[in-house]
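Below, each chain spelled out in residue letters.
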Amino acid sequence: MAIVLSQANQFLNEEIYNEEIENQVEELLNGIVVDQATINEKIDLVKNKYHIEKPTMCVFYGRVSSEKDQQRSSIITQYGIAQDFENEYLSQGFIIKEYVFERQSATTAEKRKKFMNTVERSKQGEFDAIVVKVVDRMFRNTKDTINIMDELQEKNVALVFF
């Protein structure tokens, strides 16, 4: 009887854990906009402590291509990497003001609405840089890569792969 109860508790704990992960993933897929007070604190820190007059305002873009368990946890990992990036590079003026995540295959950029929206907003001056874990989170198509990188460069928007 004790073994059956132990297995039942383990199953219940796994179900709760999976639900928590799924809730985190859904929250990330909805995107995170850092509140203005926090951004202002970071700007003050960058200006006063690190003596950088104009911080680099960034958006982090993360992507998974499916709903598989491994992919779900990847989006959480990418969020952690984004936070690590800001912690490491805040002293150089990089501030992440928004986190954008998408669950979409990357065969072409135009299929990824959140990505294209992030690119357009960056080109309009909302962000100075787009930070991405690795290039394949952004591009899988050479033509898209070249075209979008050229468009961003024309608008002085940096791409940072971390």
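Residues numbered from 1 in each chain as written. Predicted model: local features only at pLDDT ≥ 70, side-chain atom pairs only at ≥ 80, totals over all residues. Heavy atoms only, no water.

Let us look at the pairing of strand S3 (residues 94-103). Across the 10 residues that make up S3, a large majority, 8, are buried. Where strand S1 (residues 32-33) and S3 come together, 2 bridges link them in antiparallel fashion. When the sheet's bridge partners are listed, Val33 is paired in S3 with Glu98. Relative to S3, strand S2 (residues 56-64) runs parallel, the two sharing 9 bridges. (Buried < 20%, exposed > 50% of the residue type's maximum accessible area, 1.4 Å probe, protein only. Helix = DSSP H or I, 4+ residues; strand = E, 2+ residues; numbered from the N terminus. Pairing = 2+ DSSP bridges.)

Once that is clear, we can look at the side chain of Glu98. By secondary structure assignment, the location of Glu98 is in strand S3. Separated by 2.6 Å, the side chains of Glu98 and Arg121 make a polar contact. Not counting chain neighbours up to four residues away, the residues in contact with Glu98 comprise Ile32, Val33, Val34, Cys58, Val59, Phe60, Arg121, Glu126 and Phe127. (Polar contact = N/O pair within 3.5 Å; in protein donor to acceptor, adjacent residues only side chain to side chain. Contact = heavy atoms within 4.5 Å.)

A few words on the pattern of salt bridges. With the rule as written, the count across this model stands at 9 salt bridges. A salt bridge links Arg103 to Glu26; the nearest nitrogen and oxygen atoms lie 3.4 Å apart. Here Arg103 is found in strand S3, whereas its partner Glu26 is found in helix H1 (residues 2-29), with 77 residues between them in sequence. Note on Arg103: relative accessible area 22%, which makes it partly exposed. You can call Glu26 partly exposed: its relative accessible area is 33%. With its nearest N and O atoms 2.7 Å apart, the salt bridge here joins Glu86 to Lys42. Here Lys42 lies in helix H2 (residues 36-48) and Glu86 lies in helix H3 (residues 69-89), a separation of 44 residues in the sequence. Taken individually, Glu86 and Lys42 each receive the classification buried, so the pair is uniform in this respect. One connected set of salt bridges, linked through shared partners, spans Glu22, Glu26 and Arg103. (Salt bridge = Lys/Arg side-chain N within 4 Å of Asp/Glu carboxyl O.)

Phi angles above zero are rare outside glycine, and His51 is one such case at about 55°. Among the structural elements, His51 can be located in the loop between H2 and S2. Taking the relative accessible area as the measure of exposure, His51 reaches 68% and is therefore exposed. Here Asn156, not a glycine, exhibits a phi torsion of approximately 60°, which is positive. Tracing the backbone shows Asn156 in the loop between helix H5 (142-154) and strand S5 (158-161).

Here we come to the environment of Glu102. Tracing the chain through its elements places Glu102 in strand S3. With a relative accessible area of 6%, Glu102 lands in the buried category. Placed 11 residues apart in sequence, Glu102 and Lys113 show a C-alpha to C-alpha distance of 8.6 Å. Not counting residues up to four positions away in its chain, the partners in contact with Glu102 are Leu29, Tyr61, Gly62, Arg63, Val64, Arg112, Lys113, Lys114 and Phe115. At a separation of 3.2 Å, a polar atom in the side chain of Glu102 contacts the main-chain amide nitrogen of Phe115.

Purely spatial values, then, with no claim about function.
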